[in-house]
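Each chain, letter by letter, is given below.
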Amino acid sequence: MAGLTTPYVARIRTKKHCGAPALRESPIVSLLNWTGAKSRQPIKKIDRIKSPPIKCQGIKTKLTRFIAESVHWTGRGRWVEPFLGSGAVLFNIRPQRAMVSDSNVHIINVYNEIKNGKVTPQQLSNFLYSEGKILLQKGMEYFYHVRERFNNNPNSFDFIFLTRSCFNGVMRFNKKGYFNVPFCKKTDRFRQAYITKIVNQIAWVQSLIKKHDWEFITRDWKETLANVSRDDFVYADPPYSGRHTDYYNKWSDEENQELIDHLLNIHCGFALSTWYENKYRKNPIFDLISNYPLVVKKFDHFYHVGSSETYRNKMIEALVIDREHAR
Ligand SMILES: C[S@@+](CC[C@H](N)C(=O)[O-])C[C@H]1O[C@@H](n2cnc3c(N)ncnc32)[C@H](O)[C@@H]1O
């Protein structure tokens, strides 16, 4: 990964970041010597983490409590998530106001259709029950029939059906943007207990959406970050470059660097999820950002889901937080 560009570094060094001390005087602080934590409240104490109805690569269900407890934010502005994915972090942290987005139109459509009543728990229950019955009778060819139906005419019901009956339960799209995950091979996938579980997840998200002021938008992260205000807080969880590449996850080292440049210049608090190290190497960005007023917190994580065995191993995850908003 190339270093931050010289003009960019020069520009940022003349600025103060979110009221923090000047950048030259503000090296990265590790979790161990960070003493600001005690006096600051976490965003939220989460009693029980719940899973959202959609799963995606890099889902942060297991890290949500760590994220919520690592960050301090007044909650006055909006929670901004430019890489929403499954929504696991938003739904568990539950800020009053949020502007969340993703380049994946299918995910955003599901949440907007729950919001506007086009997808209800009852309708989904009926749909999964009747489609699950046909799957049981016809076998795997019916999964491929639904996949083709969805690729010709994308809709939220088929999307949920596919993501909940495909191999590994994650989503992946080919270069043309077509869903291409194979069948999980269980023709009795949609048993009553499984349908109830999915429908309860939809009902949970529906009740949250009703109670909160949340905007779901399909768009590129740059546009979302261009629309933040001072009291907002950005939680950015981009794809990890080289890890899961598909139509909606084309993430390069250059784009990663551009995102970091944006965040270092942003006029509100932020936290960035990224990887710290795996058994092969340490993330090179940590050397590049070591002179900025940031706090880095680490979390050991084991990935069970991955396109190949190499990706299903231990990874130390990092949360990079601007110092003003770190606990
Ligand atoms: C690691 S996942 C986010 C996971 C999420 N935090 C969760 O817990 O489910 C990254 C997401 O970024 C989205 N994405 C990839 N490139 C994007 C871009 N250029 N602009 C906006 N979203 C993008 C992907 O569609 C994917 O949903």
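Being a predicted model, the structure only gives us computed values, none of them experimental. (Residues numbered from 1 in each chain as written. Predicted model: local features only at pLDDT ≥ 70, side-chain atom pairs only at ≥ 80, totals over all residues.)

Broken down by element type, the protein carries eleven helices and eight strands. Sequence-distant contacts in the protein: of pairs separated by 6 or more residues, those separated by 24 or more amount to 73%. (Helix = DSSP H or I, 4+ residues; strand = E, 2+ residues; numbered from the N terminus. Contact = placed C-beta atoms within 7 Å.)

This paragraph deals with the nonpolar core. In this structure, Val-234, Leu-263, Phe-270 and Ala-271 are the most contacted members of the largest nonpolar core, which totals 72 residues. At five residues, helix α3 (residues 88-93) tops the list of elements feeding residues into this core. Built from parts of two domains, this core gets at least three residues from each of domain 1 (6-103 + 219-325) and domain 2 (121-198). Apart from residues lying up to four places away in sequence, Leu-263 is in contact with Val-234, Ala-236, Phe-270 and Leu-272. (Core = buried A, V, L, I, M, F, W, Y, C linked by C-beta atoms within 7 Å. Buried ≥ 20, exposed ≤ 12 C-beta atoms within 10 Å, placed from the backbone. Domains from an automatic or database assignment.)

Here we come to the pairing of strand β6 (residues 269-278). Within a regular strand, the side chains alternate between the two sheet faces. Across the ten residues that make up β6, a large majority, seven, are buried. Inspection of the sheet shows β6 paired to strand β8 (residues 314-322) by seven bridges, in the antiparallel sense. By the bridge assignment for β8, Thr-274 is matched with Ala-318. (Pairing = 2+ DSSP bridges.)

Turning our eyes to something else, we now look at the site of the ligand. Around the ligand there are 21 residues in total, and Gly-58, Lys-60, Phe-83, Gly-85 and Ser-86 lie nearest to it. The class makeup of the residues in the shell around the ligand is eleven nonpolar, six polar and four charged. (Near = placed C-beta within 6 Å. Nonpolar A, V, L, I, M, F, W, Y, C, P; charged D, E, K, R; others polar.)

All right, on to unusual backbone geometry then. A negative phi holds for most residues other than glycine; trans holds for most peptide bonds. Phi at Arg-94 is positive, roughly 55°, even though this residue is not glycine. Inspection of the secondary structure puts Arg-94 in the loop between α3 and β3 (97-102). Take Arg-94: there are 16 C-beta atoms within 10 Å of it, and that puts it in the partly exposed class. One non-glycine residue with positive phi stands out, namely Lys-185, at about 75°. Examined against the element boundaries, Lys-185 turns out to sit in the loop between α7 (156-163) and α8 (192-211). In this structure Lys-185 comes out as exposed when scored by C-beta crowding, with 11 C-beta atoms within 10 Å.

Attention now goes to α7. Buried residues dominate α7, accounting for seven of its eight residues. Buried within α7 we find Ser-156, Asp-158, Phe-159, Ile-160, Phe-161, Leu-162 and Thr-163. In the core, the buried residues of α7 are packed alongside α4 (105-115), α5 (121-138) and α6 (140-152).

For the pair α4 and α7, interaxial distance at closest approach is 10 Å and the crossing angle is 120°. Considering the relative orientation of α4 and α7, their crossing is left-handed. Seen from α4, the contacting residues are His-106, Asn-109, Val-110 and Glu-113; seen from α7, they are Ser-156, Phe-159 and Ile-160. Per-class residue counts for the contact of α4 with α7 are three nonpolar, three polar and one charged. (Axes fitted to C-alpha atoms, helices over the stretch in contact; angles between N-to-C directions. Left-handed = near helix turned anticlockwise from the far one by under 90°.)

With respect to the secondary-structure elements, Phe-286 resides in helix α11 (residues 285-288). Taking the C-alpha atoms as reference points, Phe-286 and Val-296, separated by ten residues in sequence, lie 9.1 Å from one another.

With 20 residues, α8 should reach 28 Å at 1.5 Å per residue; the first-to-last C-alpha distance of 29 Å fits that figure. Among all positions in α8, only Ile-198, Val-199, Gln-201, Ile-202 and Val-205 are buried. One side of α8 holds all its buried residues, which, seen down the axis, span an arc of 150°. Facing away from the buried side of α8, by more than 90 degrees, are the exposed residues Gln-192, Ala-193, Ser-207, Lys-210 and Lys-211. The elements touched by buried residues of α8 are α3, α4 and α5. (Expected span 1.5 Å × (residues − 1). Arc of directions from axis to C-beta.)

Another point: the environment of Leu-264. Mapped onto the elements, Leu-264 comes out in helix α10 (residues 253-264). Considering only alpha carbons, one finds Leu-264 and Asp-322, 58 residues apart in sequence, at a separation of 8.3 Å.

Averaged over all residues, the pLDDT of the protein is 87; the fraction at 70 or higher stands at 83%. With pLDDT under 50 throughout, residues 1-27 is counted as low confidence; its partners more than four residues away or in other chains account for 41 contacts. Below a pLDDT of 50 lies the segment residues 29-34, which in the model reaches eight contacts outside its immediate sequence neighbourhood of four places, other chains included. (pLDDT = per-residue confidence, 0-100.)

What follows is about the environment of Glu-258. One can find Glu-258 in helix α10. Remark: the alpha-carbon pair of Glu-258 and Lys-222, spanning 36 residues in sequence, is separated by 9.4 Å.

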